[in-house]
Amino acid sequence: MSAFTSKSGESQRRRYAIVGLGSRHEIYQDAIEQPYADRAQLVGLCDSNVARVDLARERSKKNGAVVPLGYVAADFGRMLKETKPDVVIVTTADFMHHEYLVRAMEAGCDVITEKPMTIDAEKCRQIVDARRRTSRNCRVTFNYRYSPPRSQVKELLMAGEIGEILSVDFHWLLNTHHGADYFRRWHSHKQFSGGLFVHKATHHFDLINWWLGATPVSVMAMGKREFYTPATAKRMGLTGPHERCHTCPEKDRCGFYMDLAAFPHLKALYLDCEAHDGYYRDRCVWRPDIDIEDTMNALVNYDTGATLSYSLNAFNAWEGYTVSFNGTKGRLEHTIVESTYINGAETVQGGIAANGVKTRIIPLRGAGYDITPWTAEGDHGGGDRLMLQDIFAPDPSIDRYKRVADERAGAWSILVGIAANRSLQTGAKVNINDLVPGLERPDYPPMPSRTEPLPMPIRVK
Ligand SMILES: NC(=O)c1ccc[n+]([C@@H]2O[C@H](COP(=O)([O-])OP(=O)(O)OC[C@H]3O[C@@H](n4cnc5c(N)ncnc54)[C@H](O)[C@@H]3O)[C@@H](O)[C@H]2O)c1
């Protein structure tokens, strides 16, 4: 998906359009207009909020690029006709991804979408069908795969260090800065985000699918919202909930107050654009109308026979995760402590510091040993930078981990969360194949064989 060669043999820049011009789109705009400007050009910008369209066009000026044409959402089709992009990048709120992906593919464009690919089974079917019908390329940007410590875990598992993997324990913790942020805006309603089982856990279920080289078969789940509630606000001595932080009468007393006006970037992107669409970036985290969970558990079966025990908690004392793989030759334990993240503010998530990563292998018998972690600096543990390089200047020969993800990986990861949401409603185990039948397996690199002879563990005297 980078520069390509025309019939006359000369190298041309690929033409990109972006729809959805909030904070996340910026990494793509900046990548196209700065480090990859010799291979890519931005020709169209589209958003439902006209002020954010203007802001993004201003950004092009600051990037020293030719300013792309801007369009409001109702003119998306016109944008495709007039600007003729080769690739459309979709970075809208989750519930609209499917519509732009399908329309762009139908118009002959390749597409790149932010995670989650979409939020429910019907929308997922529409994307998968459109991809098959149009034969266009659909890429899902799973940046977590690219962060070096997570690629290193893939390397260790592929190399058979712990044999074949029979079960996994995976626990993801969001602290009360990052975690609370999902309860402030569109993420806090399932109809817009699918809840954290889809919106957030798509990263986690994709990592597991990819680490194991497996596809999920069935899911059972439990979940509740017990922290971000009006009752917790009362117990913390507030009289609220109120509508939002910006006008909150208790801003001096609430430890969850977010001052949009204090961060120039957040102010410009959200506060100053509100008049056009009423999108408040700082709604009260204690509101009663929130309908997503803050505490989730799931049990998942995989086609390799492996099983997963997963949890996600959104009000934790620290941010990061711990995952343990139980294999036929031993156990791999991997923990990452991440730093605080407030989307769009100055305090973005930093690189994963070497001392925040712990990867350890414990053979069935004998002493365990620590693995020196692969690390990198930059957002999302260094994953964003490597992923952008792989999008705009790819070298497939060096990707032995097959980190490029398409709509199949996008679907398999969200379907675990979509099945979990259904299991929450029914209390029953949900089969993934009942949600989107006939979904193909992604192209995973080979994993250790399940039939090769196993070494006999040494006898303990
Ligand atoms: N991979 C990652 O680590 C990562 C990190 C952050 C966000 N994301 C994803 O990026 C996407 C955007 O997230 P964000 O934080 O930038 O959100 P945001 O709310 O800041 O931006 C969303 C944008 O979509 C626009 N929009 C909403 N409805 C629209 C419509 N119908 N048509 C056109 N535009 C519309 C909004 O006006 C807004 O500008 C989400 O899917 C999110 O999950 C991924």
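Residues numbered from 1 in each chain as written. Predicted model: local features only at pLDDT ≥ 70, side-chain atom pairs only at ≥ 80, totals over all residues. Heavy atoms only, no water.

### Some words on the overall build of the protein chain
So, step 1. Scanning the protein chain for helices and strands turns up 15 helices and 18 strands.
So, step 2. A compact globule built from 461 residues would reach a C-alpha radius of gyration of about 23 Å, and the protein chain, at 22 Å, matches this within 12%.
So, step 3. Dimensions of the protein chain, computed from the C-alpha atoms along their principal axes, are close to 75 × 70 × 45 Å.
So, step 4. Long-range contacts, defined as pairs at least 24 residues apart, comprise 76% of the intrachain contacts of the protein chain with a sequence gap of at least 6.
So, step 5. Of the roughly 19,000 Å² of accessible surface on the protein chain, a fraction of 52% belongs to carbon and sulfur atoms.
So, step 6. Positive and negative side-chain charges in the protein chain, numbering 57 and 56 respectively, have mean positions lying 3 Å apart. (Helix = DSSP H or I, 4+ residues; strand = E, 2+ residues; numbered from the N terminus. Rg over C-alpha atoms; globule rule 2.2 N^0.38 Å. Contact = heavy atoms within 4.5 Å. Areas by Shrake-Rupley, 256 points an atom, 1.4 Å probe, with all protein chains shown as cover. Lys, Arg positive; Asp, Glu negative; His and termini not counted. Charge placed at Lys NZ, Arg CZ, Asp CG, Glu CD.)

### Let's talk about the nonpolar core
So, step 1. Counting 96 residues, the largest nonpolar core has F170, W211, W286 and F325 as its most contacted members.
So, step 2. Ranked by the residues each element gives to this core, the list is headed by helix 15 (residues 407-426), at nine residues.
So, step 3. Beyond its immediate sequence surroundings of up to four residues, F170 is in contact with H204, I208, W211, L308, S309, Y310, S311, Y321, T322 and V323.
So, step 4. Core analysis: the second largest hydrophobic core is formed by 21 residues, Y28, L45, M387 and F392 among them. (Core = buried A, V, L, I, M, F, W, Y, C linked by side-chain atoms within 4.5 Å. Buried < 20%, exposed > 50% of the residue type's maximum accessible area, 1.4 Å probe, protein only.)

### Quick word on the domain arrangement of the protein chain
So, step 1. Splitting the protein chain by domain gives domain 1 (4-140), domain 2 (144-227 + 290-434) and domain 3 (230-277).
So, step 2. Placing the centre of domain 1 and that of domain 2 at their C-alpha centroids yields a distance of 26 Å.
So, step 3. Between domain 1 and domain 2, the contact holds 28 residues from the first and 30 residues from the second.
So, step 4. Between domain 1 and domain 2, the buried area comes to about 2,500 Å², and carbon and sulfur atoms account for 65% of it.
So, step 5. Three residues, Y36, K115 and R139, lead the burial of domain 1 against domain 2; their summed loss comes to 24% of the area buried on that side.
So, step 6. For the salt bridge of E407 with R131, the shortest nitrogen-to-oxygen distance reads 3.2 Å.
So, step 7. At the boundary of domain 1 and domain 2, one finds nine residue pairs in polar contact (both at pLDDT 80 or more).
So, step 8. Taken together, the elements giving at least two residues each to the side of domain 1 that touches domain 2 come down to helix 1 (25-33), helix 5 (121-134) and strand 8 (138-140).
So, step 9. Taken together, the residues of the side of domain 1 that touches domain 2 sort by class into 19 nonpolar, two polar and seven charged. (Domains from an automatic or database assignment. Buried area = accessible area lost by both parts, 1.4 Å probe. Salt bridge = Lys/Arg side-chain N within 4 Å of Asp/Glu carboxyl O. Polar contact = N/O pair within 3.5 Å; in protein donor to acceptor, adjacent residues only side chain to side chain. Nonpolar A, V, L, I, M, F, W, Y, C, P; charged D, E, K, R; others polar.)

### So, the packing of aromatic side chains
So, step 1. Per the counting criterion, the structure on display carries 21 aromatic pairs.
So, step 2. Here F76 and Y100 contribute two aromatic rings whose centre-to-centre distance is 4.6 Å and whose plane-to-plane angle is 65°, an arrangement assigned as edge-to-face. A residue pair is termed long-range when its members are at least 10 positions apart, and F76 in helix 3 (residues 76-83) and Y100 in helix 4 (residues 97-106) qualify at 24 residues.
So, step 3. Residues F227 and Y228 carry aromatic rings whose centres are separated by 5.0 Å and whose planes lie at 85° to one another, so their mutual orientation is edge-to-face. Per residue, the accessibility class of F227 equals that of Y228, and both read buried.
So, step 4. Among the aromatic side chains, those forming a connected cluster through ring pairs are Y144, F170, W172, F205, W211, Y310, Y321 and F325.
So, step 5. Directly above the ring of W210 sits K154, whose terminal nitrogen or CZ lies 5.6 Å from the centroid. (Phe/Tyr/Trp six-rings, centres within 6.5 Å; stacked < 30°, edge-to-face > 60°. Lys NZ or Arg CZ within 6 Å of the ring centre and 35° of its normal.)

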